[in-house]
Amino acid sequence: MSTCPSCEEPLESGDRFCGACGYDLSAVPAPPDDLPTVTLSTDGAAPAQTPDVDWPSAPELDSSDTPAPVHLPTDLPGTDSGGSELPSAVRFDGVPEQAGEPAGDYTLPAPDPRTVPPEALATPPAGTKLCVACRAGHVDRDGYCENCGHAQPRERDHMEQELGAVAAVSDRGLRHHRNEDAFAIASAALPDGTPSVVSIVCDGVSSATRPDEASLAASRAASEALLESLPRGTHPQQAMHDAIVAAAEAVNVLAQEPGSAREHAPHQNAPACTLVGAIVAKDLLIVGWVGDSRAYWVPDDRAAPAARLTEDDSWAAQMVAAGLMNEAEAYADERAHAITGWLGADAYELEPHTASFKPDRPGVVVVCTDGLWNYAEAAEEMARVIPADAAHRPLHSAQVLVGHALDGGGHDNVTVAVLPFPVPPQGAGSA
C-alpha cells in the first residue's frame, strides 16, 4: 500500500502502523485473486421454486422472413415475480414537480473548480471557510470538507510570528498528525525604558494526554509572567525562574478534571511538556529550561565559537554526567530522549534551571525543541545551518532552520525562535 486506508497519509515500505493515525496496517485484508461468479443459495439448498407463470409466446416468423411485430410493454398483460397482476400505474415517490430539480432531499455536489469558471463558484457564507483541496466545498465544524471530505489543516500545523527583534516558527513536521509544540514571543520595557525581548518554546510530551494543550498553556503562562515582572524591575534571572513556576502551575491545572472524565482512560498520564526560554535585556542573556528543549548561542562572527547554553533533563545527559558513557554513546542509545524533568502534575519535582550570560560580542540566541536539534545537535552544526545574517533577518533564519529539520526527515514537531543579541534599535527588523 502507498497510502493509509484510514487517513490516506503516505506510507513507506515496511510500515506496520500509520505514522499519522496509528492504523494497524496488518489488519488490512489482502485483495482476492479473482472474483468468481457463484450461484446464490441458502446453505447449499436448492433454489426455491417460483410459481408457474403463463408467459405469452412470441409469434414465429412467416415464410417471407418478416419480423414479428414489436409490442410495447403496455400491450401485453404481465405479472410480477410472485404471479400477481401488475398495478395499472406505477408511482415514483419524490418525483420533483418541476423539471430540473433534484429528487428527494439530496443536493447536487459542489462544482469541480477545475472545470467551472471562478465566477461560477459560490461565495461561502460569513464565518465558513472553503476547502483547501477542492476549493469548492465548505468546511464543517469538525474540520472536514462537506464536498470532498478532505481534512483541513489545523491552525497550529504551521505558525510564524515576528516582532522585529525576535521571530519564531513552528511546524507540525512530516510524521506527526498534529503540532504539539507551542511558542510565545514578546517585548517589554524595563523600568529605565530600555527594551527587553522574551521567547518561550514548549514541547508537549507525546506519551501524556493532551500534550498540545499543555505546551500552549505553559508558553502563554510563562510569557505573561515575564511581561508582568520585567517592567516592575524584577531581575531577569529571577523573573525567568518565576515564569517557569507559573507555567508549571498552568499545566497542573489541566490535570484537575472531574473523575468521570478519566474513567474511560484511567492509565493516561497527566498533561505534560518541556520548556525553554530566553530573555535579552541590556547586556544580559538569561536562559531557563525544564526538559530537553535547548538554547544555543551563535555569534555573528562565525570564526568565534558557538555554544549550547542548556543541559538536557534526559537519560542521556545523566549517563554523561555520571561518567558512565560519553556523549556519542549516550545519545546513540534508544533511551537517550527519555526525559527526567518536565512540567506536569506527575513530575517528580519541579527544578527550574536558569543561567545568566554576558556575551562579549553580538550574535543570536536559538531557542528550539528537539525537533530541530536532532538534525543539528552540536553548537557547531547549528552555527553552520543558520544564515549569516540571522541577527538582521530573524524570521528568515527561523524559517531556514525549520526547513533544515524538514529536509532531514521532519520526524517530530519543529519549533524555533531566533533572538538577536543585543536587542536591535527600535524599528530594526527583517529585511
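Worth saying up front: this structure is predicted, and the values here are computed from it rather than measured.

The next point concerns the overall build of the chain. Secondary structure assignment for the chain yields seven helices and 12 strands. Classification of the 431 residues of the chain by burial places 36% in the buried group.

This part covers the pairing of strand 1 (residues 158-162). One ladder, built from five bridges, connects strand 1 with strand 2 (residues 167-171); its direction is antiparallel. If you follow Glu 162 over to strand 2, its bridge partner there is Ala 167. Here strand 1 folds back onto strand 2, and the loop between the two strands holds four residues, one of which, Gly 164, carries a positive phi near 80°.

With that settled, the discussion passes to helix 2 (residues 236-254). With 19 residues, helix 2 extends 28 Å from end C-alpha to end C-alpha; this agrees with the ideal 27 Å at 1.5 Å per step. Of all the residues in helix 2, the buried ones are Pro 236, Ala 239, Met 240, Ala 243, Ile 244, Ala 247, Ala 248, Val 251 and Leu 254. On its buried face, helix 2 is in contact with helix 1 (211-229), strand 5 (272-281), strand 6 (284-290), strand 9 (343-344) and strand 10 (353-357).

All right, on to the nonpolar core then. Within the largest apolar cluster, 32 residues are counted, with the highest numbers of intra-cluster contacts made by Val 298, Val 366, Leu 372, Met 382, Leu 401 and Val 416. Of the residues forming this core, the biggest block, five residues, is contributed by helix 7 (residues 394-407). If sequence neighbours within four positions are ignored, Met 382 has contacts with Tyr 296, Val 298, Val 366, Cys 368, Leu 372, Trp 373, Ala 376 and Leu 401.

Enumeration according to the criterion identifies 14 salt bridges in this entry. Glu 228 is paired through a salt bridge with Arg 232; the nearest N and O atoms lie 3.5 Å apart. A relative accessible area of 57% means that Arg 232 is categorised as exposed. Residue Asp 360 pairs with Arg 361 through a salt bridge whose shortest N-O separation is 3.0 Å. A relative accessible area of 34% means that Arg 361 is categorised as partly exposed.

Turning our attention to the confidence of the model for the chain. Interpretation of this model should avoid reading the predicted coordinates in detail wherever pLDDT is low. Looking at the chain, the pLDDT average stands at 81 and 72% of residues meet or exceed 70. In the model, residues 38-42 has pLDDT below 50 throughout and makes zero contacts with residues more than four positions away in sequence or in other chains. This stretch, residues 101-106, has a pLDDT under 50; its non-local contacts, to residues over four places away or in other chains, come to five contacts.

This part is about the packing of aromatic side chains. The tally for this structure, following the rule as stated, stands at three aromatic pairs. A centroid spacing of 5.9 Å and a plane angle of 80° characterise the contact between Trp 297 and Phe 421, whose relative ring orientation is edge-to-face. Of this pair, Trp 297 sits in strand 7 (residues 294-299) while Phe 421 sits in strand 12 (residues 414-421), placing them 124 residues apart in sequence. Given the relative accessible area of 6%, Phe 421 is considered buried. For the cation-ring pair, Arg 294 lies above Trp 373, with the distance from its terminal atom to the ring centre recorded as 3.5 Å.

Look at helix 1: 27 Å from first C-alpha to last across 19 residues, which is about the 27 Å you get at 1.5 Å a residue. Here helix 1 has its buried residues at Pro 211, Asp 212, Ala 214, Ser 215, Ala 218, Ser 219, Ala 221, Ala 222, Ser 223, Ala 225, Leu 226 and Ser 229. Close packing links the buried residues of helix 1 with strand 3 (181-189), strand 4 (195-204), helix 2, strand 5 and strand 9.

Along the polypeptide, Ser 314 turns up in the loop between strand 8 (307-308) and helix 3 (315-321). Ignoring sequence-local partners within four residues, the contact set of Ser 314 consists of Tyr 331, Ala 336, Ala 338, Ile 339 and Thr 340.

Hydrogen bonding along the main chain pairs the strands of a sheet, whether they run parallel or antiparallel. One open sheet holds the six strands; their spatial order is 1-2-12-11-7-8, and the pairing between them is antiparallel. Every other strand in the sheet has two partners, leaving strand 1 and strand 8 as the edge strands with one partner each. Across six bridges, the pairing between strand 7 and strand 11 (residues 363-368) is antiparallel. Pairing of Ala 295 across the sheet is with Val 367, part of strand 11. Here helix 7 sits on the sheet in contact with strand 1, strand 2, strand 11 and strand 12, set at roughly 145° to strand 12.

Turning next to the state of the cysteines. In the structure shown here, the tally under the stated rule is zero disulfides. Lacking any disulfide linkage, Cys 131 is separated from the closest cysteine sulfur, that of Cys 148, by 3.7 Å. Residue Cys 131 is classed as buried on the basis of its relative accessible area, which comes to 0%. The thiol of Cys 202 is unpaired, and the distance to the nearest cysteine sulfur, on Cys 273, comes to 4.7 Å. On the basis of relative accessibility, which here comes to 0%, the residue Cys 202 falls in the buried class.

The rules behind these values
- Residues numbered from 1 in each chain as written.
- Predicted model: local features only at pLDDT ≥ 70, side-chain atom pairs only at ≥ 80, totals over all residues.
- Heavy atoms only, no water.
- Helix = DSSP H or I, 4+ residues; strand = E, 2+ residues; numbered from the N terminus.
- Buried < 20%, exposed > 50% of the residue type's maximum accessible area, 1.4 Å probe, protein only.
- Pairing = 2+ DSSP bridges.
- Expected span 1.5 Å × (residues − 1).
- Contact = heavy atoms within 4.5 Å.
- Core = buried A, V, L, I, M, F, W, Y, C linked by side-chain atoms within 4.5 Å.
- Salt bridge = Lys/Arg side-chain N within 4 Å of Asp/Glu carboxyl O.
- pLDDT = per-residue confidence, 0-100.
- Phe/Tyr/Trp six-rings, centres within 6.5 Å; stacked < 30°, edge-to-face > 60°.
- Lys NZ or Arg CZ within 6 Å of the ring centre and 35° of its normal.
- Axes fitted to C-alpha atoms, helices over the stretch in contact; angles between N-to-C directions.
- Disulfide = S-S within 2.5 Å.

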